[in-house]
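Chains, contacts and geometry: an overview
Given next are the chains, with one letter for each unit.
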Amino acid sequence: MASSDALPGPRRPRPLSPHLSVYRLTMTMAMSIVHRITGAALYVGVLLLAWFLIAASADAATFAVFSGFIQSFIGRLMLFGFTWALFHHLIGGIRHIVWDSGYGLDAPLRDQMAWATLIGGFALTIVVWGVGYAVR
Amino acid sequence: MAEHPSDLRTPLGRVRFLGAARTGTTDAWFVHVTSIALIPLTVGFVWLILDLLRKDYNGVRAELARPIPAILLLAFVLAGIVHMELGMRSIIVDYINGQSRAWALAANTLFAALLALACVYATLRIAFT
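Small disclaimer: the values here were computed from a predicted structure and weren't measured. (Residues numbered from 1 in each chain as written. Chains lettered and ligands numbered in written order. Predicted model: local features only at pLDDT ≥ 70, side-chain atom pairs only at ≥ 80, totals over all residues.)

A short note on helix 5 (residues 107–135) of chain A
Residues three or four positions apart in an α-helix share a direction because the helix packs 3.6 residues into each turn. Residue and element names in this part refer to chain A. Its 29 residues give helix 5 an end-to-end C-alpha distance of 42 Å, which sits within 8% of 42 Å, the value for a rise of 1.5 Å per residue. Taken as a whole, helix 5 has its buried residues at Met113, Ala114, Thr117 and Gly121. Contacts from the buried residues of helix 5 go to helix 2 (27–58) and helix 4 (73–100). (Helix = DSSP H or I, 4+ residues; strand = E, 2+ residues; numbered from the N terminus. Expected span 1.5 Å × (residues − 1). Buried ≥ 20, exposed ≤ 12 C-beta atoms within 10 Å, placed from the backbone. Contact = placed C-beta atoms within 7 Å.)

Regarding the interface of chain A and chain B
Opposite the 33 residues of chain A that make contact, chain B presents 33 residues. Those elements that provide at least two residues to the side of chain A that touches chain B are helix 2, helix 3 (60–71), helix 4 and helix 5 of chain A. Looking at the side of chain A that touches chain B residue by residue, the classes come out as 22 nonpolar, 6 polar and 5 charged. (Nonpolar A, V, L, I, M, F, W, Y, C, P; charged D, E, K, R; others polar.)

Quick notes on helix 5 (residues 98–128) of chain B
Between its first and last C-alpha atoms helix 5 of chain B spans 45 Å; for 31 residues at 1.5 Å apiece the expected length is 45 Å, and the two agree. Taken together, the buried positions of helix 5 of chain B are occupied by B:Ala112, B:Leu115, B:Cys119, B:Ala122, B:Thr123 and B:Ile126.

A short note on the nonpolar core
Counting residues in hydrophobic clusters, the biggest one holds 27 residues, and the most contacted among them are A:Leu42, A:Val46, A:Leu53, A:Ala56, B:Ile81, B:Met84 and B:Cys119. Mapped by element, the contributors of at least two residues to this core are helix 2 and helix 4 of chain A together with helix 4 (67–95) and helix 5 of chain B. Residue contributions to this core peak at 8 residues, all from helix 2 of chain A. Sequence-distant contacts of B:Ile81, that is, excluding residues within four places in its chain, are made with A:Val46, B:Ala112, B:Leu115 and B:Ala116. (Core = buried A, V, L, I, M, F, W, Y, C linked by C-beta atoms within 7 Å.)

Describing the environment of B:Arg66
Residues and elements named next belong to chain B. Tracing the sequence through the fold places Arg66 in the loop between helix 3 (57–65) and helix 4. Taking the C-beta count within 10 Å as the criterion, Arg66 has 11 such neighbours and is therefore assigned exposed. Residues Arg66 and Ile126, spaced 60 residues apart in sequence, show a C-alpha to C-alpha distance of 9.5 Å.

So, the packing of helix 2 of chain A against helix 3 of chain A
Residues and elements named next belong to chain A. Contact geometry for helix 2 and helix 3: axes closest at 6 Å, N-to-C directions at 150°. In this view, helix 2 runs roughly antiparallel relative to helix 3, as classed from their interaxial angle. For the crossing formed where helix 2 meets helix 3, the hand is left-handed. Seen from helix 2, the contacting residues are Trp51, Phe52, Ala55, Ala56 and Ala58; seen from helix 3, they are Thr62, Phe63, Val65 and Phe66. A class-by-class count of the residues in the contact of helix 2 with helix 3 yields 8 nonpolar, 1 polar and no charged. (Axes fitted to C-alpha atoms, helices over the stretch in contact; angles between N-to-C directions. Parallel < 35°, antiparallel > 145°, perpendicular 65-115°, else oblique. Left-handed = near helix turned anticlockwise from the far one by under 90°.)

Looking at the environment of A:Leu53
By secondary structure assignment, the location of A:Leu53 is in helix 2. Sequence separation between A:Leu53 and A:Phe63 is 10 residues, and the spatial gap between their C-alpha atoms is 9.0 Å. Residues within four places of A:Leu53 in sequence aside, it is in contact with B:Cys119, B:Ala122 and B:Thr123.

What to know about the confidence of the model for chain A
Residue and element names in this part refer to chain A. Considering every residue of chain A, the mean pLDDT works out to 90; 88% of them sit at 70 or more. Mean pLDDT across the elements of chain A ranges from a minimum in helix 1 (residues 2–5), with 46, to a maximum in helix 4, with 97. The model gives residues 1–5 a pLDDT under 50, and that stretch makes 2 contacts with residues more than four places away or in other chains. (pLDDT = per-residue confidence, 0-100.)

Structure follows, in C-alpha cells:
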C-alpha cells in the first residue's frame, strides 16, 4: 500500500486513545472509568424505561407482564443496578461540570470529590430504595 | 515511524491530519447542556417513579396523564437520549476505527432515534387516550 502511504489524511489509520494499562491507577482515573461504564449501562437500562412506558400505554394485561418482571428478583436487581448507575453518573456528571468550570482540580480536593462520587452514589441508591420500600 | 523506514517527510508532515477530528466541539457542548438539564430532571424522574410504586395500572395511567409528570417524563427522555447518544458516540470514536466505526455510529444514532420515538409516542398516548 505504498501509494496510499504517500497520501496524507484519512487513508492512514487514525490514533486511538491510549490504553488504560500504561497508567498507575488513581482514584480520579477509577471514577472516570466507572463514569463511562455506568453511562454505557444506563444506555442499555433505558430499554427498561421504554418497556415501562410502552406497556403502560398499551393495556392492563401488557402492563402486568412488565410489572411481574420488574418485581421479580432479576427485575429488582436490574432496577437496583439502574438506580445506582443513575446516581453515580449524576454525581460524577456534576463533578465533571465543576472540574470543567476550573474548580476543584487541586490535589486533595479532586480525590475527595472522586470519593464523594463513589460514596454518594451508593448512599443515594440505598436512601431511595429505603424510601421506595417504605412508601409502597 | 518504524513501518516507514524510508519516510522522507518532516516530523510535522507525519503527524498532520492524525489529530483531533475538529468536529467535536458541538457534541461536547450538547453533552454539557443536556447534563445540566438532566440534574433537576433526574431528581424529578426518581420522585415520579417513587410516587408510581404504590399505584396500580389505572393509577399509573392517571398519574402519567397529568401535565407536569408527562412534561417531566418527555423532557427527561429527550434530554437523556440525546445525552446517551453523544456519550456512546465518544465511546465509539475512542475505541473503534475504520469502517466499523461508521457502522457503530450509524447503529448508535438509529437505536437512540428509535428509543426516543417509542418513549415519546408511549408518553403521548398515555397522556391523550
